[in-house]
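Okay, here's what each chain looks like letter by letter:
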Amino acid sequence: MADDVAVEETPKAPPWKAEKTTAQWGRFLVFEGCVMTRRMVGSRYTARFILDKYGFNYATMDNESCCGSPILRSGGEELANKQRTVNLLNIQKLGFDTIISACPGCGSQLSAGEAKRMGIKVYHYMELVYSLAKNGEILHPDMVDPLPPLTVTAHDPCHLDRGLGVDCNLMHSTIVNALPNQTWVECEEHDRCCGAGGGVRASQKDLSYKIRERKIKKLMRTEADIVLAACPFCELQIDEGLRKTEDCSMRSITPQSYLAMMFKDVDEGVDD
Amino acid sequence: MALEFFNSINVYAAVSFIVAFVPIIIMLWASKRGFDSSILCMDCQQCVADCPVRSVLKDAYMGPKGIQVYARVGHNEKADELMLFSCTSCMACVNACPRGLNVKHDMDHFRAILASVNLGQMAAHKHLIHMVENFNNTLDEVPLKKPNIHDQKKNIKKMLDGYGKIVGSQMNKEGDRPKGVA
Ligand code: SF4
Ligand code: SF4
């Protein structure tokens, strides 16, 4: 399997570059994961769109295999560990020591075990967007001017908040506050589980929806327009819950889609 | 002289410190590295109080601590009855535990033990394992190949259809944009 690993390179140098942030991150590998590459392809596209727009130096791996996280929750501890090792070895073979994962589940799975010993550091995509905001480089010349006024709240994905140990609330608020015309509103119990994880959404829909009910109630109280959910599973779970709620125009999106939405040319280069 | 030394209060203090705390420190270190941590549990139930699954299922789900107790002593049927496979792996229990035990890791580990004696796993779990064993991903029955983003552009175009419509990345239906977006 390791023989046919290939890397897709970044296509072209962008006209505008977030100098400080791109220098800070250097060259890294983006691990996209099963859900983003096969189902939530909109988030996959916007993630790459943002990376290209700000001029990050990245590559993606052609032959990613499942990270093992869903297998670990399904009672397959041994297979899950094997999946992680195979991925880490492939990544090491390609010469990368920094992984950016766009899915917190993949991120926390890859960062466990031997990653530290192999000298591989794993970060989540939102940490990249956060550093753009923190370095004052999030405003891009290609953005719509003025930006539409939006009230934004967020859900902290469990595997990002506690799995990768990222301060989600600080990151969300910094990103939103760095953009003009955006109002940040904090949700009560922002770090409480949405009910999608651990294979529960796949195996016990009723239980998963009952856990979600409380989340949706808290989100409705914020009266926000958009809920940021930096995990494809949480995005799907919360968005579905919001759509099922009567008179609710709130929608859930990933931070990369939220940021990409601010660009004039977001659908350029996407042909039929 | 030697007797005097061993009788000194400082030596007693040092020995009792080592006997009392060193095993705890070693076990805490071990639990951080993934060994079964439940032996260090002091039964404070903080993990149970914070568990979102417990808050829905109430007594039907004993929470991380309760399930551990049965699983640890090999009462697999009881652990299964208490719905070990209902844990969402949210790690609220890990966050809550004053001893910093990785309770969630133990849940994953006990799931594997239960699965090995054919208990607990539901059809969805078996399906996921089957998918990864045979196709190396959890979703599509296409072995080893990651879909190329260029082949997905048609779908993406539907989702992106102009500024302000990338709402819900999975599908874009007309009128699904949030209020306030042009
Ligand atoms: S990880 Fe599982 S047991 Fe722990 S709080 Fe979350 S749902 Fe409960
Ligand atoms: S919070 Fe920790 S010490 Fe308290 S009951 Fe749970 S596992 Fe035991």
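Here the residue numbering is sequential within each chain, running from 1 through the sequence in written order. To label them, take the chains in the order written and letter them from A, then take the ligands in the order written and number them from 1. Reporting of local features is limited, given that this is a predicted model, to residues whose pLDDT is at least 70; pairs of side-chain atoms are given and counted only at 80 or more, and all residues count toward the totals for whole chains, interfaces and linings. Each side-chain value is worked out from all heavy atoms of the structure, with water and hydrogens disregarded.

Let us now look at the site of ligand 1. Residue and element names in this part refer to chain B. Put simply, a residue is near a molecule or strand once any heavy atom of it comes within 4 Å of that molecule or strand. Taken together, 14 residues sit near ligand 1, with Cys 51, Cys 87, Cys 90, Met 91 and Cys 93 positioned nearest. By the criteria applied, helices consist of DSSP H or I runs no shorter than four residues and strands consist of E runs no shorter than two, each listed in order from the N terminus. Of all the secondary-structure elements, those providing two or more residues to the shell around ligand 1 are helix 4 (52–57), helix 7 (92–96) and helix 8 (103–116). Residue polarity follows a fixed list, in which Ala, Val, Leu, Ile, Met, Phe, Trp, Tyr, Cys and Pro are nonpolar, Asp, Glu, Lys and Arg are charged, and the others, Gly among them, are polar. Among the residues making up the shell around ligand 1, the classes are represented as 11 nonpolar, 2 polar and 1 charged.

Before going further, it helps to examine the environment of A:Leu72. Residue placement: A:Leu72 occurs in helix 4 (residues 69–72). The buried label applies to any residue whose accessible area, calculated with a 1.4 Å probe on protein chains only, is under 20% of its type's maximum; exposed applies above 50%, and partly exposed to all values in between. Judged by its relative accessible area of 12%, A:Leu72 is buried. Taking the C-alpha atoms as reference, A:Leu72 lies 28 Å from A:Arg48; in sequence the two are 24 residues apart. Whether two residues are in contact is decided by their heavy atoms: any pair within 4.5 Å suffices. Discounting residues that sit within four places of it in the chain, A:Leu72 has contacts with A:Glu77, A:Ala80, A:Gln109 and B:Asp108.

The residue B:Phe17 is located in helix 2 (residues 9–32) in this model. Separated by 38 residues in sequence, B:Phe17 and B:Ser55 place their C-alpha atoms 40 Å apart.

Now for the sheet that holds strand 8 (residues 226–229) of chain A. Residues and elements named next belong to chain A. For two strands to count as paired, DSSP must find a minimum of two bridges between them. Taken together, 4 strands build an open sheet; the order of strands is 7-6-8-9 and the sheet is parallel. Either end of the sheet is taken by a strand with one partner, and the two such strands are strand 7 (182–184) and strand 9 (251–253). Across this sheet, the average inter-strand angle for adjacent strands is 35°, counted without regard to direction. Here strand 6 (residues 150–155) pairs with strand 8 via 4 bridges, running parallel. Bridge pairing in strand 8 links Val 152 to Ile 226. Lines fitted to C-alpha atoms define the axes here, with helix axes fitted over just the stretch in contact, and angles between the N-to-C directions of these axes take values from 0 to 180 degrees. The sheet strands contacting helix 9 (residues 168–177) are strand 6, strand 7 and strand 8, and the helix crosses strand 7 at an angle near 155°.

Right, let's get into the pattern of salt bridges. By definition, a salt bridge exists where a carboxyl oxygen of Asp or Glu is found within 4 Å of a side-chain nitrogen of Lys or Arg. For the coordinates displayed, the defined rule picks out 15 salt bridges over all chains. In this structure, A:Glu32 engages A:Arg48 in a salt bridge whose closest nitrogen and oxygen atoms are separated by 3.1 Å. Of the two residues, A:Glu32 is situated in the loop between strand 2 (27–31) and helix 2 (33–38) and A:Arg48 in helix 3 (residues 41–53); the sequence distance between them amounts to 16 residues. In this structure, A:Glu32 and A:Arg48 share a single accessibility class: buried. Its salt-bridge partner being B:Asp59, residue B:Arg54 comes within 3.2 Å of it at the nearest N-O pair. Connected via shared salt-bridge partners are A:Arg201, A:Arg212, A:Glu240 and A:Lys244.

As a further point, take the site of ligand 2. Around ligand 2, the neighbouring residues are B:Cys41, B:Met42, B:Asp43, B:Cys44, B:Gln45, B:Gln46, B:Cys47, B:Lys65, B:Cys97, B:Pro98 and B:Val103. Here the residues of the shell around ligand 2 sort into 7 nonpolar, 2 polar and 2 charged.

Turning next to the confidence of the model for chain A. Counting all residues, the mean pLDDT for chain A is 87, and 93% of those residues have values of 70 or more. pLDDT expresses, on a scale from 0 to 100, how confident the predictor is about each individual residue. For chain A, strand 1 (residues 7–9) of chain A is the element with the lowest average pLDDT, namely 65, and helix 9 of chain A is the one with the highest, namely 95.

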